[in-house]
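Coordinate inspection notes
Read off the chains here:
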Amino acid sequence: MTLAPNVYDAEPIPDAARAEIDRMLASGDLFRYTAPEDAPVALLEAEFAEMMGAKYALAVASCSAALFLSLKALDLPRDAKVLIPAFTFAAVPSAVVHADCQPVLVDVGDNYRVDMEDFATKLTKDVGAVIISHMRGHTSDMDAIMDLCTKAGVPVIEDAAHSLGTLWNGQKIGTIGKIGCFSFQSYKMLNAGEGGIMITNDADLAARAVIMSGAYEHNWKKHKTPHGENSSDLADAFARWQNKLPLYNTRLSNLSAAVIRPQLAELERRVTDGLKNHDYVADKLNQSSWIDVPPPLAPETRAPDSIQFNLVGMSDEQTRAFQDSAKTRGVSVQVFGMSTDNARAFWNWEFIGEQGPLPRTRDMLARACDTRLPVRLQKPELDFIADALVAAAADVMERKAETAA
Ligand SMILES: *Cc1c(COP(=O)(O)O)cnc(C)c1O
């Protein structure tokens, strides 16, 4: 019998990281602003910006810190409303609260994407910014969102924490809005344990975020642009903001940068393998009458490292029985809206107060399942997972029906 695949371990960090980490351990040079230039964090920023085709990148302690700094960089008035999807991770409304703004949740459909009717209704004159979480890599209709927000003059921040490598009309996700934010936490495409990065083409936003991240005095001079020169746009912006902003000190360490840099070359393979694995399992799951994997939107090329699917025609009790049966067969399934205190269920974000009815998100969360699918898995492991899920659904919906008949 094949053993249940291990879906928890990350890929090993490329060997190339070792020499750099050894050098740093010997010199103790771990702070990004100690070296006069070319610290690993500054090199990571330049390489990441280059890879994404963005002008500026700022690496920080987490994607949450990047979202917080993005809102601060936009200089929104206190208590400004910020639209966020009702299906996201608790860190996102938290970043909004941290930035002294007020999150407003937008309903999400059973394809895990922002409901555009509710979005249009909630995009009122008092909205200061929009954060679109591409939750688990599912991209909402960015054409429609950008269209509405451009007309309304509202800046869009893309929370692409878990979407690195996704394309929308061939364009890299995270480069569509004014600012794109990504995570280097271990469950994401690039793993440093913790870390985040934001990208933008706007010199003032970049300068403000860099200073607030903790570039005290003239440390901003140690930031590079993709082509290695401090562009004069950026230098002018730093001059405008010098001494005018608080320092929130949420920087990235050189050690983390050294862990991430050699992974950049792995990204393309991870994205290709992740999508191939996902689509293979999705096809198998869609054979079951009780499981539905929503397709991507037409302009979207996904970069998944997990799979989400909806249970069809199951009661709460059958949904729980499905989870138990999958577990017995060796596969863990999270139903976002069924587990106690789930951080992706909006009713558990009590710190933001009561939110509207959000009926579509509530229904979706009650039947939406999440299973890890690390990109390193091979076909026998994918078969194991897909077959276990299909059989678990049959256990609940077919074998029981047979007994009853
Ligand atoms: C992981 C994640 C975050 C938080 O990222 P951190 O780096 O842990 O702060 C935010 N949004 C989404 C959609 C995520 O998946």
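Quick look at the structure, then. Just so it is clear, the structure is predicted and the values come from calculations on it, not from any experiment.

Here's the deal with the side chain of Thr 319
For Thr 319, the position within the fold is in helix 11 (residues 316-328). Polar contacts involving the side chain of Thr 319 include one to the main-chain carbonyl oxygen of Ser 315, which spans 2.8 Å. Not counting chain neighbours up to four residues away, the residues in contact with Thr 319 comprise Leu 311, Met 314, Val 335, Met 338, Ala 366 and Arg 367.

Considering the sheet that holds strand 9 (residues 196-200)
An order of 1-9-8-5-4-2-3 is seen for the seven strands of this open sheet, with the pairing classed as mixed. The open sheet has two edge strands with one neighbour each: strand 1 (56-60) and strand 3 (102-106). Neighbour to neighbour, the strand axes of the sheet diverge by 20 degrees on average, direction disregarded. The sheet strands contacting helix 7 (residues 203-214) are strand 1, strand 8 (179-183) and strand 9, and the helix crosses strand 1 at an angle near 20 degrees.

What to know about the pairing of strand 14 (residues 368-372)
Taken across its five residues, strand 14 has four buried, putting it largely inside the fold. Bridge analysis of strand 12 (residues 306-311) against strand 14 gives five bridges, and the strand direction is antiparallel. Across the sheet, residue Ile 307 finds its bridge partner in strand 14, namely Thr 371. Here strand 13 (residues 334-335) pairs with strand 14 via two bridges, running antiparallel. Following the sheet pairing, Gln 334 is matched in strand 14 by Asp 370.

Topic: the side chain of Glu 300
Its location among the elements puts Glu 300 in strand 11 (residues 300-301). Side-chain polar atoms of Glu 300 contact the side chain of Arg 113, separated by 2.9 Å. A distance of 3.0 Å separates a polar side-chain atom of Glu 300 from the backbone nitrogen of Leu 297. Setting aside anything within four residues of it in sequence, one finds Glu 300 in contact with Arg 113, Gly 137, His 138, Thr 139, Thr 166, Leu 167 and Trp 168.

Observations concerning the pairing of strand 3
Most of strand 3 sits out of view: four of its five residues are buried. Pairing analysis gives five bridges linking strand 2 (residues 81-85) to strand 3, with the strands arranged parallel. Looking at the pairing, Leu 83 lines up with Val 104 of strand 3. Following the chain from strand 2 across helix 4 (residues 91-98) to the adjacent parallel strand 3, one finds a crossover that is right-handed.

Considerations on the site of the ligand
Around the ligand lies a shell formed by Ser 62, Cys 63, Ser 64, Val 92, Met 135, Asp 159, Ala 161, His 162, Ser 183, Gln 185, Lys 188 and Gly 195. The side chain of Ser 183 places a nitrogen or oxygen atom 2.7 Å from an oxygen atom of the ligand. Between the ligand and the protein, one listed contact pairs an oxygen atom with a side-chain N or O atom of Lys 188 at 2.7 Å. Considered on its own, the ligand offers 380 Å² of accessible surface; in the complex 91% of this is hidden by protein.

Concerning the packing of helix 3 (residues 63-73) against helix 4
The geometry of helix 3 relative to helix 4 is characterised by a closest axis approach of 9 Å and an angle of 40 degrees between their N-to-C directions. Once helix 3 is placed against helix 4, the crossing between them reads as right-handed. Taken together, the residues of helix 4 that come into contact with helix 3 (itself represented by Ser 64, Leu 67, Phe 68 and Leu 71) are Ala 91, Val 92, Ala 95, Val 96 and His 98.

Comments concerning the pattern of salt bridges
For the structure on display, the rule yields 27 salt bridges. Lys 122 is paired through a salt bridge with Asp 118; the nearest N and O atoms lie 2.8 Å apart. Of this pair, Lys 122 and Asp 118 both sit in helix 5 (residues 116-122), four residues apart, which is roughly one turn of the helix. For Lys 122, a relative accessible area of 22% gives the class partly exposed. Two residues, Asp 316 and Arg 367, come together in a salt bridge whose shortest N-O distance is 2.8 Å. Pair noted here: Asp 316 is in helix 11 and Arg 367 is in helix 12 (residues 359-367), with a separation of 51 residues, a long-range link.

Focus: helix 8 (residues 232-241)
Among the residues making up helix 8, those that are buried are Leu 234, Ala 237 and Phe 238. Buried residues along helix 8 cover an arc of 100 degrees about the axis, so they all sit on one side. Those residues of helix 8 that are exposed and aimed more than 90 degrees away from the buried face are Ser 232 and Ala 239. Turning to helix 8, the residues buried within the fold contact strand 1 and helix 7. Among the residues trailing helix 8, Asn 243 stands out with phi positive, at a value near 65 degrees.

Examining the packing of aromatic side chains
Going through the model one piece at a time under the given rule, you end up with nine aromatic pairs. Ring centres of Phe 48 and Phe 184 lie 6.2 Å apart, and the angle between their planes is 85 degrees; this geometry places the pair in the edge-to-face category. On the criterion of sequence distance, the pair formed by Phe 48 in helix 2 (residues 40-52) and Phe 184 in the loop between strand 8 and strand 9 is long-range, its members being 136 residues apart. Residue Phe 48 is classed as buried on the basis of its relative accessible area of 0%. Here Phe 184 falls in the buried class, since its relative accessible area comes to 0%. Residues Phe 87 and Phe 336 carry aromatic rings whose centres are separated by 5.1 Å and whose planes lie at 70 degrees to one another, so their mutual orientation is edge-to-face.

Re the nonpolar core
Counting residues in each nonpolar core, the largest one holds 58 residues, and the members touching the most others are Leu 71, Val 82 and Ile 131. If we ignore the near neighbours within four places in the chain, the residues touching Val 82 are Leu 71, Leu 76, Val 96, Cys 101, Gln 102, Pro 103, Val 104, Ala 129 and Ile 131. Core analysis: the next-biggest nonpolar cluster, separate from the first, contains 44 residues, Val 130, Ile 132, Leu 252 and Ile 260 among them.

Quick notes on the sheet that holds strand 6 (residues 167-168)
Strand order in the open sheet made by the three strands is 7-6-11, with antiparallel pairing throughout. Edge strands, defined here as strands with exactly one partner in the open sheet, are strand 7 (171-172) and strand 11. Bridge count for strand 6 against strand 11 is two bridges, and the pairing is antiparallel. What sits directly across from Leu 167, in strand 11, is Thr 301.

Conventions used here
Residues numbered from 1 in each chain as written. Predicted model: local features only at pLDDT ≥ 70, side-chain atom pairs only at ≥ 80, totals over all residues. Heavy atoms only, no water. Helix = DSSP H or I, 4+ residues; strand = E, 2+ residues; numbered from the N terminus. Polar contact = N/O pair within 3.5 Å; in protein donor to acceptor, adjacent residues only side chain to side chain. Contact = heavy atoms within 4.5 Å. Pairing = 2+ DSSP bridges. Axes fitted to C-alpha atoms, helices over the stretch in contact; angles between N-to-C directions. Buried < 20%, exposed > 50% of the residue type's maximum accessible area, 1.4 Å probe, protein only. Right-handed = clockwise from strand over helix to strand, strands pointing away. Near = heavy atom within 4 Å. Areas by Shrake-Rupley, 256 points an atom, 1.4 Å probe, with all protein chains shown as cover. Left-handed = near helix turned anticlockwise from the far one by under 90°. Salt bridge = Lys/Arg side-chain N within 4 Å of Asp/Glu carboxyl O. Arc of directions from axis to C-beta. Phe/Tyr/Trp six-rings, centres within 6.5 Å; stacked < 30°, edge-to-face > 60°. Core = buried A, V, L, I, M, F, W, Y, C linked by side-chain atoms within 4.5 Å.

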